[in-house]
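Structure assessment
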Amino acid sequence: MAEYGESIVKQFLESRGFLVSKIQETTTTKTPDFKVYRDNKLVFYCEEKTIDNDDFEGCKNDSTYNAITRQFHNAAKQFESINSNNEVPNVLAIVNLDSLKEYHDLFISLTGHAMLDNGNYLKIRTVNDYTKKDMNYINLCLWFDKDTFKNFLWRDDKENSERKKLEKLFE
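Residues numbered from 1 in each chain as written. Predicted model: local features only at pLDDT ≥ 70, side-chain atom pairs only at ≥ 80, totals over all residues. Heavy atoms only, no water.

1. Some remarks on the environment of Glu87
Condition: For helices the rule is a DSSP run of H or I covering at least 4 residues; for strands it is a run of E covering at least 2, with both sets numbered from the N terminus onward.
With respect to the element layout, Glu87 can be found in the loop between α2 (64-83) and β4 (90-96). Spatially, the C-alpha atoms of Glu87 and Glu162 are 9.4 Å apart, while their sequence positions differ by 75 residues.

Here it is in structure tokens:
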């Protein structure tokens, strides 16, 4: 499934004028999937994670939020190994193949809050410490339902320097 998700993300980025270069995988160092360029300059790293369909067969102790934060954690480790100081932004692209999960689950997983219809937020879960730490390594999450881009979620960055760079790139 990883190749399927990677092809969706690569096509999406290339349709927005980026040059996407696959990073060779090694057994010694965890790395993200892609280096992404614009005008021959490295502008961000990108990791694709696929959330597979969960058919509920057997006994599982992996809720929607745990499945998403596990993918987020694994991506953060990959970004940390190659770009721990955020010389360029890190972008996580999640390709969701599970019709029971959606973008709002990503928001809840990372913030612990659900957005209400009136625009307010309701705290519904606690965000664990490793997820909070992982947020230091991921500047933007792109969410795809199958092959369709649905939404994005920015890291709450005090200076917003990476966000400004990425907003300009994605204009």
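2. As for the sheet that holds β4
In plain terms, the rule: In this analysis, strands are considered paired if DSSP registers two or more bridges between them. An axis is simply a line fitted to the C-alpha atoms; with a helix, the fit covers only the stretch in contact. Between two such axes, the angle follows the N-to-C directions and lies from 0 to 180 degrees. Contacts are assigned to residue pairs with any non-hydrogen atoms lying within 4.5 Å of each other.
Across the sheet, which stays open at both edges, the six strands sit in the order β1-β2-β3-β4-β7-β8 with mixed pairing between neighbours. This sheet does not close on itself; its edge strands, each paired only once, are β1 (19-22) and β8 (148-154). When the angles between neighbouring strand axes are averaged without regard to direction, this sheet yields 25°. In the sheet, strand β3 (residues 41-51) pairs with β4 via seven bridges, with the strands oriented parallel. Following the sheet pairing, Ile51 is matched in β4 by Asn96. Here helix α1 (residues 2-15) sits on the sheet in contact with β1, β2 (34-38), β3, β4, β7 (140-145) and β8, set at roughly 145° to β3. The sheet strands contacting helix α3 (residues 103-111) are β4, β7 and β8, and the helix crosses β8 at an angle near 20°.

3. Some words on the pattern of salt bridges
Operational definition: The rule for a salt bridge is simple: a side-chain nitrogen of Lys or Arg has to be within 4 Å of a carboxyl oxygen of Asp or Glu. Partly exposed describes any residue whose relative accessible area lies between the buried limit of under 20% and the exposed limit of over 50%, with all areas from a 1.4 Å probe on protein chains only and scaled to the type maximum.
Within this structure, the stated rule accounts for seven salt bridges. With a shortest N-O distance of 3.3 Å, Lys49 and Glu47 are connected by a salt bridge. The class of Lys49 is buried, set by a relative accessible area of 12%.

4. Some points on the packing of aromatic side chains
Heads up, the rule is: What counts as a ring pair is set by centres within 6.5 Å for rings of Phe, Tyr and Trp (its six-membered ring), and what kind of pair is set by the plane angle: stacked under 30 degrees, edge-to-face over 60, tilted for all other angles. Any Lys NZ or Arg CZ found within 6 Å of a ring centre and within 35 degrees of that ring's normal is scored as a charge over the ring.
Per the stated rule, a full pass over the model turns up eight aromatic pairs. Residues Phe18 and Phe170 carry aromatic rings whose centres are separated by 5.2 Å and whose planes lie at 55° to one another, so their mutual orientation is tilted. Here Phe18 is found in the loop between α1 and β1, whereas its partner Phe170 is found in the segment after α5 (161-169), with 152 residues between them in sequence. Taking relative accessible area as the criterion, Phe170 reaches 23% and is therefore assigned partly exposed. Joined through ring pairs, the aromatic side chains of Phe12, Phe144 and Phe149 make up one cluster. In this arrangement the basic side chain of Lys22 is found over the ring face of Phe34, its NZ or CZ atom lying 5.8 Å from the centre. Over the ring of Phe18 we find Arg38; its NZ or CZ atom is 4.1 Å from the centre of that ring.

5. Some thoughts on the side chain of Glu6
Relative to the helices and strands, Glu6 is located in helix α1. Ignoring anything within four residues of it in the chain, the contact list for Glu6 reads Lys22, Asp33, Phe34 and Glu48.

6. Concerning the pairing of β8
Examined bridge by bridge, β7 and β8 share six bridges and lie antiparallel to one another. Looking across to β8, one finds that Asp145 is bridged to Thr148. What sits between the antiparallel neighbours β7 and β8 is a turn of two residues, in which Lys146 has the positive phi angle 55°.

7. Observations concerning the packing of α2 against α3
Heads up, the rule is: For this classification, under 35 degrees means roughly parallel, over 145 means roughly antiparallel, 65 to 115 means roughly perpendicular, and everything else is oblique. Classification used: nonpolar for Ala, Val, Leu, Ile, Met, Phe, Trp, Tyr, Cys and Pro, charged for Asp, Glu, Lys and Arg, polar for all others including Gly.
Closest axis-to-axis distance for the α2/α3 pair is 9 Å, and the angle between their directions is 75°. Comparing the axis directions of α2 and α3 gives the class roughly perpendicular. Residues Thr64, Tyr65, Ile68, Thr69 and Phe72 of α2 lie in contact with α3, whose contacting residues are Asp105, Leu106, Ile108, Ser109 and Leu110. Here the residues of the contact of α2 with α3 sort into six nonpolar, three polar and one charged.

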